[in-house]
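Here is how the chains run, residue by residue.
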Amino acid sequence: MAIYIKALVLLPLLFVSSYARNKHIDLGFDNDDDSSVGINVDPSPEGLLEFLDGKKKPKKPHFPFPHFPFPGEQGNQQEEAAPVDPAVGGGGGAAARGKKGNAKPDFETESPGGWVIHSPNAGVAAMHIQLMPNNKAVWFDTTNLGPSAIQHNPPFCKPVPEKPGEIDCWAHGVQYDVESGQVRTLKLMTDTWCSSGGLSSNGELVSTGGYREGIRSIRVMNPCDNCEFEENANGLAAIRWYATQHMLENGSFILVGGRGAHNYEIIPPGRLQFQAQQFGLNFLVETEDEKENNLYPFVNLLPDGNVFIFANDRSIIIDPYSGKTIRELPLLPGGSRNYPASGMSALLPINLNTPNPENVEVEVIVCGGNTHDAFKYSEFPPRQFFPALKDCGRIFVNKQGAQWDIEEMTSPRVMGDMLLLPTGDILIINGAKTGTSAWDAAEEPNLVPLLYSPNKPKGQRFKELKPSQIPRMYHSVSAVLPDGKILVAGSNTHALYDFQAKYPTDLRVEKFSPPYLAPGLDIHRPQILDNGPNNEMRYGQDLKVNIKLDEVVDETDIRVTMYAPPFTTHGYSQGQRLLILQLKTVTNQEVTVVAPPSGRIAPPGYYLLFVVHRGVPSRGMWVRIDQ
């Protein structure tokens, strides 16, 4: 009789097992509590028989992960996993995963992250940086800083414009291998000081503007081991010094502002010569203080193809092709946020797991900065360094009637970088606590990175991480790497290279490992198996990604993110964007996602694609999306 009872129980379970060999089977009690844990069993017929006979115990359930600090490090006190606020938009956390409800919490770790010196001397101070699709980082400073710490190899010299008869044989740009730390010098014919840039749809670095002979320059560099910049000193319609560059839906770039340039222009991708398309922008006149504060404006492409522009303490939405202002947003109180007050900003992660991704609401966050007149007092002796701002504002930029929602960081910050992490969280790093941008115009370096989790409840979103020992102030940079680490370089607050000053020119290169790289989380880390050189995506089409993961998972465990590596300079990452892709199917061997619907959501070009397992990201895979 017992065998018949077993058969009656086993038959439906065999049916389930044939469907779900790679699925999580929950044999626990039904419970509305998200923290309930099911019993994992082997779904094979043999495993089910053993389970019914009591010969095999169920596997241990997976709980939020305990403390696994980096070797030799002391972690912070473990934070209690915060519930997700369903009213909050944006990026990381369980709310961003999949189509199903009751998403499992991220694996927790008390690790505050860790720092290592990757190179003791890269030769050139990093004022501007761009990660290229060949895993090389290109950075440069300015050709008027005098001798750097490395000469051109092979030898190359150029005239010094303001010193007739003098030549400069020192390098002012390098290509840096982010794995090995090897450096190759780059030739620059026009001055790149305070320029703008970004990756083209073909993966080229397009650098625009600068100073002196570079103020109307356009430079193009292909992503190859031995490529050099091609330059046109008169390619732009207007002078572009402290301008911002951002890609539009068709792969063209919009260049906004710059010192003395109250306008914007549109340039085609990867070309040195083209017909000028320039538009006046009176908004930049209206937002100019006595000491500017509207340079390097914050610019983002919106899902309807319009463009958001933030300058000083105000923001507007424009139609880039007509110059028409669509809407003006509320003023952000507290002070100035753009150069030289130099706050930080990012477009929060765009979650495409919605019924209509093309109409998704998007949020912008703006943090830090200083008072409108701070630069007036920090610029010249006797210098006064006003405390930087601590506040952050968030707003749904494409939502009628939206207002700024204000919260505070744990410390004031000016000149910091704001980077979108593969998980959808945000890293705030570098900068100072007092003063402004410009030569020797700040004090009190802010050495403590902050992790900002957009989906946690207000008041629980900021977490301090392990501090650096190296001040990274004016003219410092950072970049997210394919392995999830953060490359940090630069800091030169002086008009020349100065290695004896209070804050010396720094040529060391660091890597910061965020908490999600804690060794104890490695058992939960997915591995992408398709990491080839030509992973093409098409708008709106399915993309299958082969993965390796030694755990049974479903749509509530996984999210797939797509990151546009930005051009970072002067505390702003131009063109930065993180998309949380729509999930279709998930197993521990294959994930299927839907590519973004259009160039308005994801401008064409190269992205890093990550598979994230409950807050633990894989290594990124380069993908390219186009029509």
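In this text, all values refer to a predicted model and were calculated from it rather than measured experimentally. (Residues numbered from 1 in each chain as written. Predicted model: local features only at pLDDT ≥ 70, side-chain atom pairs only at ≥ 80, totals over all residues. Heavy atoms only, no water.)

1. Notes on the state of the cysteines
Stated formally: Whenever a pair of cysteine sulfur atoms sits within 2.5 Å, that pair is classed as a disulfide. Helix and strand assignments follow DSSP, with helices taken as H or I runs no shorter than four residues and strands as E runs no shorter than two, numbered in order from the N terminus.
According to the stated counting rule, one finds 3 disulfides in the structure shown. Paired through a disulfide, Cys157 and Cys169 show a sulfur-sulfur distance of 1.8 Å. Classification of the bridge connecting Cys157 and Cys169 rests on its S-S torsion, roughly 100°, and on that basis the disulfide is right-handed. Of this pair, Cys157 sits in the loop between β3 (136–140) and β4 (158–159) while Cys169 is found in the loop between β5 (167–168) and β6 (173–177), placing the two residues 12 residues apart along the sequence. Taken in N- to C-terminal order, the disulfide-linked cysteines of the protein chain are connected 1-2, 3-4, 5-6.

2. Here we look at the environment of Gln384
Rule in force here: Exposed residues in this analysis have more than 50% of their type's maximum accessible area, buried residues have under 20%, and partly exposed residues fall in between, with area computed by a 1.4 Å probe over protein chains only. Whether two residues are in contact is decided by their heavy atoms: any pair within 4.5 Å suffices.
Residue position: Gln384 is located in the loop between α4 (374–378) and β23 (391–396). Take Gln384: its relative accessible area is 42%, and that puts it in the partly exposed class. Along the primary structure Gln384 and Ala441 are separated by 57 residues, whereas in three dimensions their C-alpha atoms are 8.5 Å apart. If we ignore the near neighbours within four places in the chain, the residues touching Gln384 are Tyr377 and Ser378.

3. What to know about the pairing of strand β27 (residues 432–435)
Side-chain positions along a regular strand alternate between the two faces of the sheet. Using the following cut-off: A pair of strands is labelled paired if DSSP reports no fewer than 2 bridges between them.
With 3 bridges joining them, β27 and strand β28 (residues 442–445) adopt antiparallel strand pairing. Opposite Ala432, over in β28, you have Pro445 as the bridge partner. Between β27 and β28, which pair antiparallel and follow one another directly, the connecting turn spans 6 residues, one of which, Ala438, has a positive phi of 105°.

4. Thoughts on the packing of aromatic side chains
The condition that has to hold: Side-chain rings of Phe, Tyr and Trp, where Trp is taken by its six-membered ring, are said to pair if the distance between their centres is within 6.5 Å; with planes under 30 degrees apart they count as stacked, over 60 as edge-to-face, and otherwise as tilted. In our convention, an over-ring charge means Lys NZ or Arg CZ found within 6 Å of a ring centre and within 35 degrees of that ring's normal.
Within the structure shown, the criterion is met by 19 aromatic pairs. Taken together, a centroid distance of 6.0 Å and an interplanar angle of 80° make the contact between Phe140 and Phe229 edge-to-face. You can see Phe140 sitting in strand β3 and its partner Phe229 sitting in the loop between β10 (218–221) and β11 (230–232), a full 89 residues away along the chain. Given a relative accessible area of 9%, Phe229 falls into the buried group. One aromatic cluster is present, formed by Trp193, Tyr211, Trp241, Tyr242, Tyr296, Tyr339, Trp439 and Tyr474 through successive ring pairs. Residue placement shows Arg259 over the ring face of Trp241; its charged tip is 4.7 Å from the ring centre. Taking the ring centre of Phe107 as reference, the NZ or CZ of Arg614 above it sits at 4.1 Å.

5. Considering the side chain of Asp483
What counts is decided by this rule: Only four residue types enter the charge count: Lys and Arg as positive, Asp and Glu as negative, with His and the chain ends excluded. In the sections that follow, a salt bridge refers to a side-chain nitrogen of Lys or Arg positioned within 4 Å of a carboxyl oxygen of Asp or Glu.
Note that Asp483 resides in the loop between β31 (476–480) and β32 (486–490). Buried within the structure, Asp483 lacks any salt-bridge partner; Arg619 is the closest side chain of opposite charge, at an N-O distance of 4.4 Å.

6. So, the nonpolar core
The condition that has to hold: Here the nonpolar core consists of buried residues drawn from Ala, Val, Leu, Ile, Met, Phe, Trp, Tyr and Cys, with membership extended through side-chain atoms lying within 4.5 Å.
Core analysis: the largest hydrophobic core is formed by 73 residues, its most contacted members being Trp139, Ile365 and Leu487. When near neighbours in sequence (up to four residues on either side) are disregarded, Leu487 contacts Ile129, Trp139, Tyr176, Val178, Val477, Ser478, Ala479, Leu481, Val509 and Glu510. Of all hydrophobic cores here, the second largest spans 46 residues; its members include Ile317, Ala402, Met562 and Ile601.

7. Focus: the pattern of salt bridges
Scanning the model with the defined rule gives 31 salt bridges in all. Taking the shortest distance from any N to any O, the salt bridge between Asp106 and Arg559 comes out at 4.0 Å. With Asp106 in the loop between α2 (45–53) and β1 (114–119) and Arg559 in strand β37 (residues 558–564), this residue pair connects regions lying 453 residues apart in the sequence. With a relative accessible area of 18%, Asp106 lands in the buried category. Taking relative accessible area as the criterion, Arg559 reaches 1% and is therefore assigned buried. Here Glu363 ties to Arg394 by a salt bridge, and the two come within 3.0 Å at their closest N and O atoms.

8. Topic: the sheet that holds strand β42 (residues 590–594)
Taken in spatial order, the 4 strands line up as β34-β36-β42-β41 in an open sheet, and their pairing is antiparallel. On the outer flanks of this sheet lie β34 (527–528) and β41 (582–586), each paired with one strand and no other. Examined bridge by bridge, strand β36 (residues 542–548) and β42 share 5 bridges and lie antiparallel to one another. The residue bridging Leu543 from the neighbouring strand is Val593, located in β42.

9. Observations regarding the pairing of strand β19 (residues 325–328)
Of the strand pairs in this sheet, strand β18 (residues 314–318) and β19 are connected by 3 bridges, and their pairing is antiparallel. Within the sheet, the bridge partner assigned to Ile318 lies in β19 and is Thr325. As consecutive antiparallel partners, β18 and β19 are separated by 6 residues, and within that stretch Gly323 has a phi angle of approximately 85°, a positive value.

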